[in-house]
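Each chain, letter by letter, is given below.
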Amino acid sequence: MKLPNNPLQNKSYDLALLIVKFSKKLMAEKKEYVLSKQMLRSGTSVGANIVEANGAISKADFSAKMSIAYKECLETKYWLHLLKDSNDLDLEDFNVLFEKADEIGRILFSILKTTRINKQS
């Protein structure tokens, strides 16, 4: 699914793969199913919404999908914090996942700011 000219889509795909891996690990090793499934849903949704945004039929559609991706990214970071603070996700794993999610979130926020500024002018 790697696209040479779409670094954001590639980063979100890499995050989704890590989220899947760590969700499986949490379920197998910690028997933690509820929070890990929430993290799995939101963490894989980020990239799916970015893909949908890239296929948008209008600027409004693009902005809406990017907005959803951003919100899913925020939700993923929430679940990561909760898993860490409940001692289900160790600090090293948390740092890897959170850093990637945070980077994607900053990129998405920048895109949203740009698209909304351009929409107003």
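Residues numbered from 1 in each chain as written. Predicted model: local features only at pLDDT ≥ 70, side-chain atom pairs only at ≥ 80, totals over all residues. Heavy atoms only, no water.

1. Some remarks on unusual backbone geometry
In terms of backbone geometry, most residues other than glycine have negative phi values and most peptide bonds are trans.
Argument step 1. You will see that K31, though not glycine, has its phi angle at about 55°, which is positive.
Argument step 2. With respect to the element layout, K31 can be found in the loop between α1 (7-30) and α2 (34-54).
Argument step 3. At N87, a position not held by glycine, the phi torsion is positive, near 65°.
Argument step 4. Its place among the elements puts N87 in the loop between α3 (59-85) and α4 (91-120). (Helix = DSSP H or I, 4+ residues; strand = E, 2+ residues; numbered from the N terminus.)

2. Some points on the packing of aromatic side chains
Argument step 1. One pass over the structure, following the stated rule, counts 3 aromatic pairs.
Argument step 2. When the centroid spacing of 5.0 Å and the interplanar angle of 75° are considered together, the rings of Y78 and W79 count as edge-to-face.
Argument step 3. Judged by relative accessible area, Y78 falls into the partly exposed class, the value being 49%.
Argument step 4. Across from the ring centre of F22, 5.5 Å away, lies the NZ or CZ of K21, which sits over that ring. (Phe/Tyr/Trp six-rings, centres within 6.5 Å; stacked < 30°, edge-to-face > 60°. Buried < 20%, exposed > 50% of the residue type's maximum accessible area, 1.4 Å probe, protein only. Lys NZ or Arg CZ within 6 Å of the ring centre and 35° of its normal.)

On their own, these measurements won't tell you what the molecule is for.
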